[in-house]
Amino acid sequence: MAPRISGYSPGIGSQCPQSSHCTNPADRLKTWPFNPLNRNKRSLALNLKAEVGRRIFHRLAERSDVVVEEFRPGVTKRLGIDYPTLKSINSRIIHCAITGYGQDGPCSGQAGHDINYISAAGVLGLIGPRDGPPAIPLNLIGDFSGGGMNGAHDMGGMMGFGP
């Protein structure tokens, strides 16, 4: 398997990446969407605010094909891991920034979660009984859809399609 770099914002995924690391049963339940999706992946926690963390990240980027990150706009530049910096380290690198509401626009600085996306898109209102409240889906419809589209785009870039 090719090396891959992905960034996780502070939250459930980075706090309890594997249920064996969580001693509180309630915390284990919170990680259910994270564990199955990350089975058998190698992981490394880096403090990108520290110089040593950035150096390690840059060394990983030297031999990586794709960097996937989900920080709010402007954060990667502040951390020194933005696309221009990574491109200067590895000219072939594909940078995929998955943000809730895009890189610019009125909502770009807002945090977003799957339930927000499917609500704004009108999908949540279609789930559940006709005369009842919406039912919260057991899977992450918006996250899976957005991630899948970005995955397809990245694969196309690695195969030489696109600009």
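Before reading on, note that the structure itself is shown above.
Residues numbered from 1 in each chain as written. Predicted model: local features only at pLDDT ≥ 70, side-chain atom pairs only at ≥ 80, totals over all residues. Heavy atoms only, no water.

Peer 1: Mind showing me how you'd approach the overall build of the protein here?
Peer 2: The helix and strand inventory of the protein stands at 8 helices and 3 strands. The order of α-helices and β-strands along the protein, N terminus first, is β-α-α-α-α-β-α-α-β-α-α. Across the 163 residues that make up the protein, the buried fraction comes to 25%. Sequence separation of at least 24 residues holds for 57% of the intrachain contacts in the protein that already meet a minimum separation of 6. Here the protein displays about 11,200 Å² of accessible surface, and carbon together with sulfur accounts for 58% of that area. (Helix = DSSP H or I, 4+ residues; strand = E, 2+ residues; numbered from the N terminus. Buried < 20%, exposed > 50% of the residue type's maximum accessible area, 1.4 Å probe, protein only. Contact = heavy atoms within 4.5 Å. Areas by Shrake-Rupley, 256 points an atom, 1.4 Å probe, with all protein chains shown as cover.)

Peer 1: I'm lost on helix 4 (residues 51-62) in this one. Help?
Peer 2: Spacing of three or four residues puts side chains on the same side of an α-helix, whose turn is 3.6 residues. End to end, helix 4 covers 17 Å across 12 residues, agreeing with the expected 16 Å (1.5 Å per residue, within 8%). For helix 4, the complete set of buried residues consists of Gly53, Arg54, Phe57, His58 and Ala61. The arc that holds the buried residues of helix 4, viewed along the axis, is 135°, so those residues lie on one side. (Expected span 1.5 Å × (residues − 1). Arc of directions from axis to C-beta.)

Peer 1: Is there a simple way to explain the pattern of salt bridges in this structure?
Peer 2: Charged atoms that come close allow side chains of opposite charge to pair. Per the counting criterion, the structure on display carries 1 salt bridge. Salt-bridge contacts for Glu51 lead to Arg54; the nearest nitrogen and oxygen are separated by 2.9 Å. One end of the pair, Glu51, and the other, Arg54, are both in helix 4, 3 residues apart, so they sit about a helical turn from each other. Take Glu51: its relative accessible area is 43%, and that puts it in the partly exposed class. (Salt bridge = Lys/Arg side-chain N within 4 Å of Asp/Glu carboxyl O.)

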